[in-house]
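Below, each chain spelled out in residue letters.
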Amino acid sequence: MAHHLNGKAKLVGLLGYPISHSLSPQMHNTAFSHLGLGYAYLTFDTKEDNLDDVVKAMRVLNVKGFNVTMPNKANIIPLLDEVAPEAQWIGAVNTVLNDNGKLIGYNTDGRGYVQSLREAGIAFEGKRIVMAGAGGAGKAVAVQLAVDGAKEIVILDMVADMAAALSNTINEKIPSCKTQGLAFSDENLKEALQTADILVNCTPLGMTPHEDKSIIADPSVLRRELIVSDVVYKPAKTKLLKMAEAAGCRTINGFGMMIWQGAMAFKIWTGEDMPVDLVKQKFMETLGAAGK
Ligand SMILES: NC(=O)c1ccc[n+]([C@@H]2O[C@H](COP(=O)([O-])OP(=O)(O)OC[C@H]3O[C@@H](n4cnc5c(N)ncnc54)[C@H](O)[C@@H]3O)[C@@H](O)[C@H]2O)c1
């Protein structure tokens with residue numbers, strides 16, 4: 001047992017299923033240990049039908065907070081006392097703080113993505129973005145880009161209604177950002193990319209074990225000025241990012257988003273900055289994941 005876990009230690013954790021593969025315990029426990037903070041991060045198998053009971057247990061045990069993942073990110077919302085506006089617009093919570101008995105929900109996925117761009121020195125404010133995939137990750141990324149100053153987002157999803165619903169939410173809640181929601185097709189993607197500054201893939205295409213897949217069929221749509229970003233981080237270089245590199249584009253993968261969404265949850269619970277470089281180094285040792 002780590003030396004900082006005494007009788008005053010606080011519990012945080014992850015509710016979801018399946019979660020035994022999660023990198024979050026390693027991330028947070030490495031950081032708690034390094035900073036000598038009296039916290040422990042554990043995983044709690046939680047399926048949809050026992051979420052209610054598990055949340056009651058979290059209250060009874062007076063945990064400091066918890067992360068929430070599949071299949072509970074949307075279902076948790078009615079069980080909380082308060083939900084931050086971005087998380088309401090996204091329709092999903094991934095981080096909960098127990099603030100003296102009041103459970104407050106946040107979504108740090110989109111903030112993590114935006115921070116990964118900032119860390120890489122990529123400006124998105126006032127820019128035109130094209131995004132493929134309007135599921136859990138896509139909603140968080142699009143809402144946060146809009147909140148933080150993107151000028152325009154074209155959202156493409158193979159389920160056109162998903163793209164339209166996300167576009168409508170952003171147009172209504174964050175009118176400073178203009179959005180369009182369209183069915184994903186090679187033609188719509190090609191047209192949207194003609195004036196885009198940043199392309200972001202929020203579909204699972206390219207993720208292990210589907211490394212041979214990419215949202216781009218014809219690499220000639222990739223202009224060298226375009227920044228190409230993928231929320232997938234396993235493999236570190238997806239087919240999309242390889243195509244983009246070959247076209248001379250700057251690329252960034254989802255590793256930074258994964259780290260920074262955790263760092264923001266860490267800050268919400270502890271008030272401290274996560275030692276991000278140390279956590280990245282530990283992950284690279286275990287995952288072999290490349291940074292940017
Ligand atoms: N880096 C991170 O921290 C991070 C965080 C969350 C998710 N992710 C990754 O993001 C990816 C998406 O996860 P999610 O939770 O949003 O999944 P999801 O299933 O909620 O959403 C995926 C969306 O992509 C759309 N889609 C799928 N195939 C498509 C295609 N060929 N063309 C157009 N649209 C298509 C689906 O209709 C769906 O709306 C996964 O690979 C996941 O690992 C990364």
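Calculation notes
- Residues numbered from 1 in each chain as written.
- Predicted model: local features only at pLDDT ≥ 70, side-chain atom pairs only at ≥ 80, totals over all residues.
- Heavy atoms only, no water.
- UniProt positions renumbered as here; feature names shortened; annotations may be inferred.
- Helix = DSSP H or I, 4+ residues; strand = E, 2+ residues; numbered from the N terminus.
- Salt bridge = Lys/Arg side-chain N within 4 Å of Asp/Glu carboxyl O.
- Buried < 20%, exposed > 50% of the residue type's maximum accessible area, 1.4 Å probe, protein only.
- Near = heavy atom within 4 Å.
- Polar contact = N/O pair within 3.5 Å; in protein donor to acceptor, adjacent residues only side chain to side chain.
- Areas by Shrake-Rupley, 256 points an atom, 1.4 Å probe, with all protein chains shown as cover.
- Pairing = 2+ DSSP bridges.
- Axes fitted to C-alpha atoms, helices over the stretch in contact; angles between N-to-C directions.
- Contact = heavy atoms within 4.5 Å.
- Phe/Tyr/Trp six-rings, centres within 6.5 Å; stacked < 30°, edge-to-face > 60°.
- Core = buried A, V, L, I, M, F, W, Y, C linked by side-chain atoms within 4.5 Å.
- Lys, Arg positive; Asp, Glu negative; His and termini not counted.

The name that an unreviewed UniProt entry assigns to the protein is Shikimate dehydrogenase (NADP(+)), with the source organism given as Anaerosolibacter carboniphilus. Quoted verbatim from the Subunit (unreviewed entry) heading of the UniProt record, the comment on the protein is "Homodimer." As recorded by UniProt, the Function (unreviewed entry) comment attached to the protein reads in full: "Involved in the biosynthesis of the chorismate, which leads to the biosynthesis of aromatic amino acids. Catalyzes the reversible NADPH linked reduction of 3-dehydroshikimate (DHSA) to yield shikimate (SA)."

Enquirer: Any chance you could break down the UniProt feature "domain: SDH C-terminal" (unreviewed entry) in the protein for me, citing the residues and the numbers?
Expert: The UniProt record annotates "domain: SDH C-terminal" (unreviewed entry) at residues 254-281. Here residues 254-281 runs as 79% helix and 0% strand, with 16 Å between its end C-alpha atoms.

Enquirer: Lay out the pattern of salt bridges in plain terms, naming residues and giving numbers.
Expert: Tallied over the entire structure, the rule returns 11 salt bridges. The partner of E82 in a salt bridge is K102, and the shortest N-O contact between them spans 2.9 Å. Residue E82 is located in strand β4 (residues 82-83), and its partner K102 is located in strand β6 (residues 102-106); the two are separated by 20 residues in the primary sequence. Residue class for E82 comes out partly exposed when judged on its relative accessible area of 37%. By relative accessible area, which is 34% here, K102 ends up partly exposed.

Enquirer: Break down the site of the ligand for me, citing the residues and quoting the values.
Expert: Residues in close proximity to the ligand total 21 residues, the closest being A137, D157, M207, V231 and G254. Note that an oxygen atom of the ligand is positioned 2.7 Å from one of the backbone N or O atoms of A137. In this structure, a nitrogen atom belonging to the ligand sits 2.9 Å away from a main-chain N or O atom of G254. Within the complex, 75% of the 850 Å² of free accessible area of the ligand lies under protein. Contributions of two or more residues to the shell around the ligand are made by α5 (136-147) and α9 (255-270).

Enquirer: Describe the sheet that holds strand β11 (residues 227-230), listing the residues and the values that go with them.
Expert: Spatially, 6 strands are ordered β9-β8-β7-β10-β11-β12 in an open sheet, and the strand pairing comes out parallel. Of all strands in the sheet, those with a lone pairing partner are β9 (178-183) and β12 (250-252), marking the two edges. For this sheet the average axis-to-axis angle between neighbouring strands, irrespective of direction, equals 15°. As paired strands, strand β8 (residues 152-157) and β9 are joined by 6 bridges and run parallel to one another. Residue pairing across strands places V154 opposite Q180, the latter belonging to β9. In the packing of helix α8 (residues 239-246) onto the sheet, the strands contacted are β10 (198-201), β11 and β12, and the crossing angle to β11 comes to about 165°.

Enquirer: Account for the packing of aromatic side chains, with residues named and values stated.
Expert: Applying the stated criterion across every chain yields a total of 4 aromatic pairs. Ring centres of F255 and F283 lie 6.5 Å apart, and the angle between their planes is 70°; this geometry places the pair in the edge-to-face category. Of this pair, F255 sits in helix α9 while F283 sits in helix α10 (residues 276-287), and the two are 28 residues apart along the sequence. The class of F255 is buried, set by a relative accessible area of 1%. Feature note: the residues F32, Y39 and F266 constitute an aromatic cluster, connected by ring pairs.

Enquirer: If you had to explain the nonpolar core to someone new, which residues and values would you point to?
Expert: In terms of nonpolar packing, the biggest core is built from 32 residues, with Y113, M131, V141, L145, I153 and I170 touching the most fellow members. If you tally residues by element for this core, the top one is α5, at 6 residues. Apart from residues no more than four positions distant in its own chain, I170 is found in contact with A142, V143, A146, I155, P175, C177 and T179. Counting residues in each nonpolar core, the second largest holds 23 residues, with L37, A263, I268 and F283 among its members.

Enquirer: Before we move on, can you summarise the side chain of D230 with the specific residues and values?
Expert: Positionally, D230 belongs in strand β11. Despite its burial, D230 remains without a salt bridge, the nearest opposite charge being carried by K242 at 11 Å. A polar side-chain atom of D230 sits 2.8 Å from a polar atom in the side chain of T238. Aside from chain neighbours lying at most four places away, what touches D230 is N201, T238, L240, L241, I252, N253 and G254.

Enquirer: Residues and numbers for the UniProt feature "binding site: NADP(+)" (unreviewed entry) in the protein, please.
Expert: The positions UniProt marks with the feature "binding site: NADP(+)" (unreviewed entry) are G133, A134, G135, G136, A137, V231 and G254. On the basis of relative accessibility, which here comes to 53%, the residue G136 falls in the exposed class. With respect to the helices, strands and loops of the structure, V231 is situated in the loop between β11 and α8. V231 sits in the buried class, given a relative accessible area of 14%.

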